[in-house]
Amino acid sequence: HPVAGHFIAEHYVMNEGQETYSYYGPLNWLTFNVGYHNEHHDFANISGKHLPTVRKVAAEYYDEMPHYHSWIKVIWDYIVDDGISPYSRVKRVTMENEEIEALRARGGLVK
């Protein structure tokens with residue numbers, strides 16, 4: 001299903017150096033603006049219904065970022081682009097408790 005393209009667009013590296021992508025197509029109406037993914041990461045406490053306004057207010061920032069207008073295109077790119085695979089998913093390194101406490105001690109992590 002085309003909406004499944006949002007799972008790929010959200011956390012696969014499609015362009016080197018960018019971890020997540022927004023989708024600005026008509027299916028946002030049906031999916032409660034889940035496609036405004038970069039905006040969501042930048043302003044996680046803003047509800048989905050206001051994310052299009054975030055993009056509008058900061059258009060000079062979001063319009064320049066790579067994004068999609070079609071989740072079908074996301075799926076197509078995933079299938080045909082040899083540089084994209086299941087291993088292109090963004091992975092985070094889990095920190096040990098000692099590392100977390102060391103960061104907190106230096107003031108680099110809020111409790």
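Because the structure is predicted, anything quoted here is derived from the model rather than measured.

Peer 1: Looking at this structure, how should I read the overall build of the protein chain?
Peer 2: Along its length, the protein chain carries 7 helices and 2 strands. Each helix (α) and strand (β) of the protein chain, taken in turn from the N terminus, gives the series α-β-α-α-α-α-β-α-α. Relative to the 2.2 N^0.38 estimate, which gives 13 Å for 111 residues, the radius of gyration of the protein chain is 16 Å and therefore markedly larger than a compact globule would have. For the protein chain, the C-alpha atoms occupy an extent of roughly 45 × 35 × 25 Å along the three principal directions. Across the 111 residues that make up the protein chain, the buried fraction comes to 32%. A fraction of 49% describes how many contacts in the protein chain between residues 6 or more apart in sequence connect residues 24 or more apart.

Peer 1: Which parts of the structure should I look at to understand helix 6 (residues 71–80)?
Peer 2: Since the α-helix advances by 3.6 residues per turn, residues separated by three or four positions end up pointing in the same direction. Taken as a whole, helix 6 has its buried residues at Trp71, Val74 and Asp77. All buried residues of helix 6 fall inside an arc of 115° around its axis, so they share one side. Away from the buried face of helix 6 by more than 90 degrees, exposed residues Ile72, Trp76 and Ile79 are located. Looking at the buried residues of helix 6, the elements they touch are helix 1 (5–11), strand 1 (22–23), helix 2 (27–30) and strand 2 (67–68). Near the N-terminus of helix 6, the side chain that reaches the backbone nitrogen of isoleucine 72, with its oxygen 3.2 Å away, is that of serine 70.

Peer 1: Just to check I follow, could you spell out the packing of aromatic side chains for this structure?
Peer 2: When we look at a pair of aromatic rings, we describe it by the centre distance and by the angle of the planes. All chains considered together, the criterion is met by 5 aromatic pairs. Over the ring of tyrosine 24 we find arginine 55, and its NZ or CZ is 3.5 Å from the ring centre.

Peer 1: Could you clarify how one ought to interpret the pattern of salt bridges in this entry?
Peer 2: Working definition: two side chains of opposite charge can pair if their charged atoms are close together. All chains considered together, the criterion is met by 3 salt bridges. A salt bridge links arginine 55 to aspartate 63; the shortest N-O distance between them is 2.9 Å. Accessibility expressed as a relative area gives 38% for aspartate 63, which makes it partly exposed. Taking the shortest distance from any N to any O, the salt bridge between aspartate 77 and lysine 73 comes out at 2.6 Å. Of this pair, aspartate 77 and lysine 73 both sit in helix 6, separated by 4 residues, roughly a single helical turn.

Peer 1: Is there a simple way to think about the environment of glycine 35 in this case?
Peer 2: Within the secondary structure layout, glycine 35 lies in the loop between helix 2 and helix 3 (37–42). When its relative accessible area of 3% is taken as the criterion, glycine 35 is described as buried. For glycine 35 and glutamate 10, which are 25 residues apart along the polypeptide, the C-alpha to C-alpha distance reads 8.2 Å. Setting aside chain neighbours within four positions, we find glycine 35 in contact with Tyr21, Ser22, Tyr23, Asn28 and Trp71.

Thresholds applied
- Residues numbered from 1 in each chain as written.
- Predicted model: local features only at pLDDT ≥ 70, side-chain atom pairs only at ≥ 80, totals over all residues.
- Heavy atoms only, no water.
- Helix = DSSP H or I, 4+ residues; strand = E, 2+ residues; numbered from the N terminus.
- Rg over C-alpha atoms; globule rule 2.2 N^0.38 Å.
- Buried < 20%, exposed > 50% of the residue type's maximum accessible area, 1.4 Å probe, protein only.
- Contact = heavy atoms within 4.5 Å.
- Arc of directions from axis to C-beta.
- Polar contact = N/O pair within 3.5 Å; in protein donor to acceptor, adjacent residues only side chain to side chain.
- Phe/Tyr/Trp six-rings, centres within 6.5 Å; stacked < 30°, edge-to-face > 60°.
- Lys NZ or Arg CZ within 6 Å of the ring centre and 35° of its normal.
- Salt bridge = Lys/Arg side-chain N within 4 Å of Asp/Glu carboxyl O.

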